Amino acid sequence: MFVEERQSAIMEELHANGKVKVKELSERFCVSEDLIRKDLSALEAKGLLKKAYGGAVLIRENIHRKIAAQRKDVNQEEKRGIAKAAVDLIQEGDVVFLDISTVNIRVARELVEREKQATIVTNMLEVVSILADSSLPVIFIGGEFDYGRDGFVGSLAMEQIMKFRFDISFLGVVGIDVHDNSVYTYMANDGATKRAILSSSKQAFMVCESDKFMQIGNYRYAGADEFTGIITDHKLDRENEKLMKNMQLCIQLAE
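No experiment lies behind these values; they were computed from the predicted model shown. (Residues numbered from 1 in each chain as written. Predicted model: local features only at pLDDT ≥ 70, side-chain atom pairs only at ≥ 80, totals over all residues. Heavy atoms only, no water.)

The N-to-C vectors of helix 1 (residues 3–17) and helix 3 (residues 33–45) enclose an angle of 75°; their axes lie 10 Å apart at closest approach. In terms of orientation, helix 1 and helix 3 fall into the roughly perpendicular class. Here Val3, Arg6, Gln7, Ile10 and Met11 of helix 1 come into contact with helix 3, specifically with Leu35, Ile36, Asp39, Leu40, Ala42 and Leu43. (Axes fitted to C-alpha atoms, helices over the stretch in contact; angles between N-to-C directions. Helix = DSSP H or I, 4+ residues; strand = E, 2+ residues; numbered from the N terminus. Parallel < 35°, antiparallel > 145°, perpendicular 65-115°, else oblique. Contact = heavy atoms within 4.5 Å.)

For a regular strand, side-chain orientation follows a simple rule: the groups alternate between the two sheet faces. Relative to strand 6 (residues 119–122), strand 5 (residues 95–98) runs parallel, the two being bridged by four bridges. The residue of strand 6 that forms the bridge with valine 96 is isoleucine 120. Remark: the strand 5/helix 6 (residues 102–114)/strand 6 crossover connection has right-handed handedness. Sheet analysis places strand 6 next to strand 7 (residues 138–140), joined by three bridges and oriented parallel. Note on strand 7: the bridge partner recorded for threonine 122 is phenylalanine 140. (Pairing = 2+ DSSP bridges. Right-handed = clockwise from strand over helix to strand, strands pointing away.)

Right, let's get into the packing of aromatic side chains. Counted by the stated rule, this structure contains seven aromatic pairs. Each ring, one from phenylalanine 164 and one from phenylalanine 166, has its centre 5.4 Å from the other, and the planes form 15°; the classification is stacked. What makes phenylalanine 164 partly exposed here is its relative accessible area of 27%. According to the relative accessible area criterion, phenylalanine 166 is buried, its value standing at 0%. Three or more aromatic residues joined by ring pairs make a cluster, and in this case those are Phe97, Phe164 and Phe166. (Phe/Tyr/Trp six-rings, centres within 6.5 Å; stacked < 30°, edge-to-face > 60°. Buried < 20%, exposed > 50% of the residue type's maximum accessible area, 1.4 Å probe, protein only.)

A few words on the state of the cysteines. Here is the idea: a disulfide is a covalent bond, and it sits between the sulfur atoms of two cysteines. Going through the model one piece at a time under the given rule, you end up with zero disulfides. Cysteine 250 carries a free sulfur, and the closest cysteine sulfur to it, the one in cysteine 208, is 14 Å from it. According to the relative accessible area criterion, cysteine 250 is partly exposed, its value standing at 30%. (Disulfide = S-S within 2.5 Å.)

In this section: the domain arrangement of the chain. Its domain assignment divides the chain into domain 1 (1–59) and domain 2 (66–251). At the interface, six residues of domain 1 touch four residues of domain 2. Summing both sides of the interface, domain 1 and domain 2 together bury roughly 370 Å²; the carbon and sulfur share of this comes to 56%. Of all residues in domain 1, His15, Ala16 and Asn17 give up the largest surface area on contact with domain 2, accounting jointly for 65% of the area buried on that side. For the pair domain 1 and domain 2, the interface holds zero salt bridges. Along the contact surface separating domain 1 from domain 2 lie zero residue pairs in polar contact (both at pLDDT 80 or more). It is helix 1 that contributes the most residues to the side of domain 1 that touches domain 2, three residues altogether. Taken together, the residues that form the side of domain 1 that touches domain 2 break down as two nonpolar, three polar and one charged. (Domains from an automatic or database assignment. Buried area = accessible area lost by both parts, 1.4 Å probe. Salt bridge = Lys/Arg side-chain N within 4 Å of Asp/Glu carboxyl O. Polar contact = N/O pair within 3.5 Å; in protein donor to acceptor, adjacent residues only side chain to side chain. Nonpolar A, V, L, I, M, F, W, Y, C, P; charged D, E, K, R; others polar.)

The next subject is the UniProt feature "domain: HTH deoR-type" (unreviewed entry) in the chain. The UniProt record annotates "domain: HTH deoR-type" (unreviewed entry) at residues 3–58. What you have in residues 3–58 is 64% helix and 20% strand, and the ends, taken at the C-alpha atoms, are 19 Å apart. (UniProt positions renumbered as here; feature names shortened; annotations may be inferred.)

As structure tokens, then:
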């Protein structure tokens, strides 16, 4: 096997598993561990991975802060499918929380289209705007503007949120690292507010596209195993799916 072929195979395994081990790669390719370390060093020099003790881990893209207006037109088909799957989980009469998330913009539109009767609680301005002309009962959570001025977060918002008991909530994420059991957002205020929603919910689902598994934010607000489950698109890889099933998470894939 040529060097390029072996390194390509290493990257395939890294993308599938999130990490690789020198000893296992040495046995798989029937080469010395020193040769595998040279491969990892070469791939690290290209910015494709980060060497770690005994192996290497995948470099996750650190997504810098963007307001919802900059993100809402990305992955539209995936978001539409995720929203449909989310609304399928809502029962008539449920009290539902939609937090600051571009996927939840789609969830709000889907609720209006289906005329599904549920009480919607939200801290996102665009969600309120979409629901304003509908017949759905809507409760708006106030507080301080988040960094993108997309909605309200912070102590005042959390105080109101903690007085509720939501039947189901849908929370956006900036990045997920299942191997590290971490769910990320951008900033601490937003993370603390999301944490309050999570604590006040009978069921809580992450709603995100599968590319969030390759991204990371600046603030860890929860462990993946603290959620009821995740609603994502059909591009979810087998390794992440296996790890989440081991955490007993409910996995809903958009059609």
